[in-house]
Amino acid sequence: MLRKAVNRITDVFGVIGIFLIIGLCCLVIIEIINRNFLYLGMDWTIEMTEYMLAFITFCGAGWLLKADGHIKFDLITERLSPTYKRASNILSSSIGFLITAILTFFGFYKVAGLISQGTVTETVLELPQALLIGIVPVGLLIASLQFLFRIIDSVNEFPSERKGDS
């Protein structure tokens, strides 16, 4: 039940990331046209593209993990026996879970502080910093849950050499 809900949220964040990439491309094209042909500049374009890049990163992190698209050391892990491969998956997912869980906790703590202080950016758009920083712990929470699911799957997985024994 929890996994299904988290997977749906992960997919929604992945779609949001896709739309942000499309929006980013359109914004850059519009800015190029404005500056080169209309001699107009939109002062907020660079700032907005920076925010979009951050959102794309943290919206897509959990989705990429769910899709098993992160970098792997296939050269090493493919040579391992099923038992060691499973142990390697458990170890790497545990490290990933630990790091993302810690960063999630401190990220929410930081966002709560920004909300209570009402801090805004000192830029053209003057957006609330909590809005901009908030994607970090949310994206890391999704990634940490995906790491947790990977741990559970690896623990429950039986090595292929033992499947025929039962």
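About the criteria used
Residues numbered from 1 in each chain as written. Predicted model: local features only at pLDDT ≥ 70, side-chain atom pairs only at ≥ 80, totals over all residues. Heavy atoms only, no water. Axes fitted to C-alpha atoms, helices over the stretch in contact; angles between N-to-C directions. Helix = DSSP H or I, 4+ residues; strand = E, 2+ residues; numbered from the N terminus. Parallel < 35°, antiparallel > 145°, perpendicular 65-115°, else oblique. Left-handed = near helix turned anticlockwise from the far one by under 90°. Nonpolar A, V, L, I, M, F, W, Y, C, P; charged D, E, K, R; others polar. UniProt positions renumbered as here; feature names shortened; annotations may be inferred. Contact = heavy atoms within 4.5 Å. Buried < 20%, exposed > 50% of the residue type's maximum accessible area, 1.4 Å probe, protein only. Lys, Arg positive; Asp, Glu negative; His and termini not counted. Salt bridge = Lys/Arg side-chain N within 4 Å of Asp/Glu carboxyl O. Polar contact = N/O pair within 3.5 Å; in protein donor to acceptor, adjacent residues only side chain to side chain. Core = buried A, V, L, I, M, F, W, Y, C linked by side-chain atoms within 4.5 Å. 1 Å grid on protein atoms, 1.4 Å probe; cavity = no way out; pocket = protein on both sides within 12 Å on 5 of 7 lines; lining within 4 Å. Points joined across faces, edges and corners; volume = space filled by probe spheres on them. Expected span 1.5 Å × (residues − 1).

S.K.: Even after reading the chapter, I still don't get the packing of helix α4 (residues 82-117) against helix α6 (residues 135-156), so can you show me in this structure?
M.R.: Helix-helix packing: each pair is described by the crossing angle between the helix axes and the interaxial distance. Two elements in contact, α4 and α6, have axes separated by 8 Å at closest approach and are oriented at 155 degrees. Of the possible angle classes, the one that applies to α4 and α6 is roughly antiparallel. Once α4 is placed against α6, the crossing between them reads as left-handed. Its residues assigned to classes, the contact of α4 with α6 shows 15 nonpolar, ten polar and two charged.

S.K.: Which parts of the structure should I look at to understand the UniProt feature "transmembrane region" (unreviewed entry) in the protein chain?
M.R.: Here, UniProt's "transmembrane region" (unreviewed entry) annotation points to residues 12-33, 48-66, 87-109 and 129-152. For the annotated span residues 87-109, helix accounts for 100% and strand for 0% of the residues, and the straight-line distance between the end C-alpha atoms is 33 Å.

S.K.: Please clarify how the packing of helix α1 (residues 2-38) against α6 should be interpreted in this entry.
M.R.: Between α1 and α6, the shortest axis-to-axis distance is 11 Å and the interhelical angle comes to 135 degrees. Between α1 and α6, the crossing angle belongs to the class labelled oblique. For the element pair α1 and α6, the recorded crossing hand is left-handed. Touching L2, R3, V6, N7, I9, T10 and F13 of α1 are I135, V138, I142, L145, Q146, F149, I152 and D153, all from α6. A breakdown of the residues in the contact of α1 with α6 according to their chemical character gives ten nonpolar, three polar and two charged.

S.K.: So what exactly am I meant to see when it comes to the side chain of E47 here?
M.R.: Inspection of the secondary structure puts E47 in helix α2 (residues 45-66). Put simply, E47 is tucked away with no salt bridge, and the nearest opposite charge, on R35, sits 11 Å away. From its side chain, E47 meets the backbone nitrogen of L125 in a polar contact 3.3 Å long. Apart from residues no more than four positions distant in its own chain, E47 is found in contact with T121, T123, V124 and L125.

S.K.: How do you make sense of the nonpolar core when you look at a structure like this?
M.R.: A general tendency of soluble globular proteins is for nonpolar side chains to be buried together. By size, the foremost hydrophobic cluster in this structure holds six residues: L20, L24, L27, M42, M52 and I56. Counting residues per element, the ones that place at least two in this core are α1 and α2. With three residues, the top contributor of residues to this core is α1. Those residues in contact with L27, other than ones at most four positions away along the chain, are M42, W44, T45, M48, T49 and M52.

S.K.: I would appreciate a short explanation of the layout of surface pockets in the present structure.
M.R.: Rolled over the atoms, a probe with the dimensions of a water molecule shows which regions are left empty. Of the pockets and cavities examined, the largest pocket occupies roughly 630 Å³. If you go around the largest pocket, you meet 23 residues; those closest to its centre are D68, K72, N89, S92 and R150. Elements with a minimum of two residues in the lining of the largest pocket: α2, α3 (74-77), α4 and α6. It is α6 that provides the largest number of residues to the lining of the largest pocket, a total of six residues.

S.K.: What's the story with α4 in this structure? I'm lost.
M.R.: Along its 36 residues, α4 runs 52 Å from first to last C-alpha, staying within 8% of the 52 Å computed at 1.5 Å per residue. Taken residue by residue, α4 has S93, G96, T100, T104, G107, V111 and L114 as its buried positions. Elements that come into contact with the buried residues of α4 comprise α5 (129-133) and α6. In the stretch just after α4, G118 is the one whose phi turns positive, near 65 degrees.

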